[in-house]
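# Summary of structural features
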Amino acid sequence: MQPSDYCPSMTSYTLGAVFDGYGCLGTYGSNDMAAACTYTLSSRSTYGHVELGQVSGSCAPGTLVADFSPEEMLNPGYGQEVIWGPMSASGNWSSTWWQDNGGGNYSSFASVCGIY
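The notes below deal with the structure included here. (Residues numbered from 1 in each chain as written. Predicted model: local features only at pLDDT ≥ 70, side-chain atom pairs only at ≥ 80, totals over all residues. Heavy atoms only, no water.)

### Observations regarding the nonpolar core
Let me state the cut-off plainly: Residues grouped as a nonpolar core are buried Ala, Val, Leu, Ile, Met, Phe, Trp, Tyr and Cys residues, joined through side-chain atoms within 4.5 Å. Exposure classes here rest on a 1.4 Å probe applied to the protein chains alone. A residue is buried below 20% of its type maximum, exposed above 50%, and partly exposed in between. Here a strand is any run of E in DSSP of at least two residues, a helix any run of H or I of at least four, and the numbering for each starts at the N terminus. The criterion used for residue contact is that any of the two residues' heavy atoms lie within 4.5 Å.
If you look at the biggest cluster of nonpolar residues, it comprises 17 residues, and the most contacted ones within it are Leu25, Met33, Val50, Leu52, Val82, Trp93 and Trp97. Looking at this core, the elements that each hand over two or more residues are strand S3 (32-39), strand S4 (46-54), strand S8 (92-102) and strand S9 (105-115). With 4 residues, the single largest contributor to this core is S3. With sequence-adjacent residues up to four places away left out, Val50 is seen in contact with Ala35, Ala36, Cys37, Ala66, Asp67, Phe68, Gln80, Glu81, Val82, Ser95, Thr96 and Trp97. Counting 6 residues, the second largest nonpolar core, distinct from the first, contains Tyr6, Cys7, Met10 and Ala34.

### Here's the deal with the sheet that holds strand S7 (residues 79-84)
Convention followed: One bridge is not enough; two strands pair if DSSP finds at least two bridges between them. Inter-axis angles, ranging from 0 to 180 degrees, are taken between N-to-C directions of lines fitted to C-alpha atoms, where helices are fitted over the stretch in contact.
With antiparallel pairing, 4 strands are arranged side by side in an open sheet as S1-S2-S3-S7. Among the strands making up the open sheet, the edge pair consists of strand S1 (12-18) and S7. Averaged over all neighbouring strand pairs, the angle between strand axes comes to 15°, with direction disregarded. Sheet analysis places S3 next to S7, joined by 6 bridges and oriented antiparallel. In the sheet register, Cys37 faces S7, and the bridge partner there is Gln80.

In structure tokens:
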């Protein structure tokens, strides 16, 4: 896959490896933000959602801005994207995949961050 395949429809983006896949964060259109995650582990699937957040300081999941709903199963090679806007001010953004482990427990696949 090409880097742009992990960042569908984003005009500018930051791509990074996260646990069991790739995370992408960037701009969508003229003034919206997008977060995406593509699952690449070949031996199983994952269930959960991608989250767009705002962070201060180090790269972490950050404060929730938008997330994909409802949660869904991702099979190897598939991804999920959430788009939010309009963006009112530039800042440090994060894209995080949250795996739903059941019972209200989630595991983060790490975050990809960038300033937009």
